[in-house]
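Structural overview
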Protein chains: 2
Amino acid sequence: MERPGGRTARVRAAVLRAAGDVLAEQGFAHLELSDLARRADVGKTTVYRRWGTVTAVVTDLLAEMAAESVPRTETGTLSGDLRANARLVLTTLTDPRQGPLFKAVIAAATCDDATAAALRGFYATRVAEWAPCVTQAVTRGEVPRGTDAEEVIRAVSAPLYYRLLTGTGDLDETTADRAAAAAVTAAVAGVFTSAGATAST
Amino acid sequence: MERPGGRTARVRAAVLRAAGDVLAEQGFAHLELSDLARRADVGKTTVYRRWGTVTAVVTDLLAEMAAESVPRTETGTLSGDLRANARLVLTTLTDPRQGPLFKAVIAAATCDDATAAALRGFYATRVAEWAPCVTQAVTRGEVPRGTDAEEVIRAVSAPLYYRLLTGTGDLDETTADRAAAAAVTAAVAGVFTSAGATAST
């Protein structure tokens, strides 16, 4: 006999995998619970009872993506850590499945509040995972005290997401390394301290 | 008697205004040619003959937005110019009509190639409008020769678009000024030269 937790977990994994497939291949507009049940080979009733709405599936998918996010790299320097972060974001956004999936989820979030909240939760988890590399750099004296660690992490991601979503500029290792280098340089100069934004211009 | 150009221009303005309203209020999925004709008080046949598809209307709207983009400010320093640029992007993205409109168009571009191409065209125009402030800074000796002017302009916008689309972090003047300050600091340090991305980390 199988433990109920095992079956529940398998159903969830199958439905979320199907949802990711549809999002990556066709976008948010094509997500339907009955189609997900068919693709996941799970009873329709189970899917309707457990999630109820397409939005709930996307929210759950984002929660799973946050939980599975790759642990941060520790290289011993801020520039090494942020470059690793930039390369990880690049790998994700240029992945043939993950890139379109992120585009679809971000697009869905622009017109659905529950998805937008789930997306914010996902990025909060990702940023919190990587922020310690900045606070450690503060401790090591690489960047000034008062540096906003989360802002630095977001600064590394921003140019890569900007390219993914606006289609302008390349999305390659040069761009990723430049995003990391720009964030390090600005952080060292104190731009990410509370006074830095006004003081440095 | 009215010149045909006058009427044609008025019809276009009315339809594009209606399209902008629908995009800002309800998103791309709710755009319909017959509804636009009704809102713009223009004959359905005219709208179908002139644009034919919803995508063509969005493409035309983006062309008009590019043509109407505010001329750049010239302050005499790179930091002044980039701060003005960041504040302009902020004003646009936090505007109650423009912000949702940009979200809707970017979301539409994630699942429609023609819209994506029009969006790239829009940003190419915007970036080209502002890039001279960086080339002038090179001439003045503020930043190194070989600085990629368009990359610097994109670096200023990226953190603001990242916030708009992921919902993480504030979208305020501090963020705008910090985006400008980070871009200036990185540009001065040579991060945006072709060798800079690898050399600075």
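Residues numbered from 1 in each chain as written. Chains lettered and ligands numbered in written order. Predicted model: local features only at pLDDT ≥ 70, side-chain atom pairs only at ≥ 80, totals over all residues. Heavy atoms only, no water.

Examining the UniProt feature "DNA-binding region" (unreviewed entry) in chain A
On the UniProt side, "DNA-binding region" (unreviewed entry) is annotated at positions that read residues 32-51 of chain A here. Here residues 32-51 of chain A runs as 75% helix and 0% strand, with 12 Å between its end C-alpha atoms. (UniProt positions renumbered as here; feature names shortened; annotations may be inferred. Helix = DSSP H or I, 4+ residues; strand = E, 2+ residues; numbered from the N terminus.)

Section: the state of the cysteines
Following the criterion strictly, the structure yields 0 disulfides over all chains and no others. Cysteine B:Cys111 shares no disulfide, and the gap to the nearest cysteine sulfur, in A:Cys111, comes to 9.5 Å. A relative accessible area of 56% means that B:Cys111 is categorised as exposed. (Disulfide = S-S within 2.5 Å. Buried < 20%, exposed > 50% of the residue type's maximum accessible area, 1.4 Å probe, protein only.)

Some points on the side chain of A:Asp81
All names here are of chain A. Note on placement: Asp81 falls in helix H5 (residues 78-94). For Asp81, a relative accessible area of 1% puts it in the buried group. Here Thr75 takes part through its backbone nitrogen, which lies 2.6 Å from a polar atom of the side chain of Asp81. The contact partners of Asp81, leaving out residues within four places of it in the chain, are Arg72, Thr73, Glu74, Thr75, Gly76, Trp130 and Cys133. (Polar contact = N/O pair within 3.5 Å; in protein donor to acceptor, adjacent residues only side chain to side chain. Contact = heavy atoms within 4.5 Å.)

Concerning the domain arrangement of chain A
Residues and elements named next belong to chain A. As assigned here, chain A comprises domain 1 (6-64) and domain 2 (69-199). If you look at the interface, domain 1 gives 12 residues, while domain 2 gives 12 residues. At the boundary of domain 1 with domain 2, total buried surface from both sides reaches about 1000 Å², with 73% on carbon and sulfur atoms. At the junction of domain 1 with domain 2, the criterion picks out 1 salt bridge. Ionic pairing is found between Asp21 and Arg97, a salt bridge with its closest N-O pair at 2.9 Å. At the junction of domain 1 and domain 2, the tally comes to 2 residue pairs in polar contact (both at pLDDT 80 or more). Those elements giving two or more residues to the side of domain 1 that touches domain 2 turn out to be helix H1 (4-26) and helix H4 (54-67). A per-class count over the side of domain 1 that touches domain 2 returns 6 nonpolar, 4 polar and 2 charged. (Domains from an automatic or database assignment. Buried area = accessible area lost by both parts, 1.4 Å probe. Salt bridge = Lys/Arg side-chain N within 4 Å of Asp/Glu carboxyl O. Nonpolar A, V, L, I, M, F, W, Y, C, P; charged D, E, K, R; others polar.)

What to know about the relation of the copies chain A and chain B
Least-squares fitting of chain A to chain B yields an RMSD of 0.0 Å, with the superposition described by an axial translation of 0.0 Å and a rotation of 180°. As the rotation angle and translation indicate, the two copies are arranged about a two-fold axis. Relative to the rotation axis, the C-alpha of A:Ala107 is the closest in chain A, positioned 2.1 Å from it. (Least-squares fit on C-alpha atoms with pLDDT ≥ 70 in both.)

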